[in-house]
Amino acid sequence: QVQLVESGGGLVQPGGSLRLSCTASGFTCSNYGMNWWRQAPGKERELVATVTSTGGSTNYADSMKGRFTISRDNAKNTVYLQMNSLKPEDTAVYYCNAVYSGLPRRPEYWGQGTQVIVSS
């Protein structure tokens, strides 16, 4: 059974840090680019960060650059999102997403999300 399970969310004060994890099962994570998305109440889902299947390249949304770091450990089938200098506007449900790197295209996978609340 294919699963992506996020963890590490919670309540943190402004300026604090959290490390999210997303562990994959039922498929070979190393064949997939991995993404973190987030969705705040009343807003559309937005792309936070991406990492290629090998981990050799990463990209970030402008508002996350310098604060968030995406990384992966393919041996553990896990992708991480280190979030520093958190702001109240970072409050959202964070989702991980797997996109097959090869051809032909395969279905994408999504996790169930983990809640992050940044508040004093």
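## Overview of the overall build of the protein
- The helix and strand inventory of the protein stands at zero helices and 11 strands.
- Secondary structure elements in the protein, listed N-terminal to C-terminal, are β-β-β-β-β-β-β-β-β-β-β.
- A compact globule built from 120 residues should have a C-alpha radius of gyration of about 14 Å, and the protein, at 14 Å, falls within 12% of that.
- Of all 120 residues assigned to the protein, the portion counted as buried reaches 43%.
- Residue pairs at least 24 apart in sequence account for 55% of intrachain contacts in the protein once pairs closer than 6 positions are excluded.

## Side note on the pairing of strand S4 (residues 32-39)
- With six of its eight residues buried, S4 lies for the most part within the structure.
- Pairing analysis gives eight bridges linking S4 to strand S9 (residues 92-100), with the strands arranged antiparallel. Within S9, the residue paired with tyrosine 32 across the bridge is tyrosine 100.
- Pairing between S4 and strand S5 (residues 46-51): five bridges, direction antiparallel. Note that in S5 the partner of tryptophan 37 across the bridge is leucine 47.
- Counting the residues in the hairpin turn of S4 and S5 gives six residues, including glycine 42, whose phi is positive at 75°.

## Describing the sheet that holds strand S1 (residues 3-7)
- If you walk across this open sheet you meet the four strands as S1-S3-S8-S7, and the pairing is antiparallel. The outermost strands of the open sheet, each flanked by one partner alone, are S1 and strand S7 (68-73). Strand-to-strand, the axes of this sheet are offset by a mean angle of 15°, without reference to chain direction.
- In this structure, S7 lies alongside strand S8 (residues 78-83), joined through six bridges in antiparallel fashion. Counterpart to isoleucine 70 in the pairing with S8 is leucine 81.

Reading the values: the criteria
Residues numbered from 1 in each chain as written. Predicted model: local features only at pLDDT ≥ 70, side-chain atom pairs only at ≥ 80, totals over all residues. Heavy atoms only, no water. Helix = DSSP H or I, 4+ residues; strand = E, 2+ residues; numbered from the N terminus. Rg over C-alpha atoms; globule rule 2.2 N^0.38 Å. Buried < 20%, exposed > 50% of the residue type's maximum accessible area, 1.4 Å probe, protein only. Contact = heavy atoms within 4.5 Å. Pairing = 2+ DSSP bridges. Axes fitted to C-alpha atoms, helices over the stretch in contact; angles between N-to-C directions.

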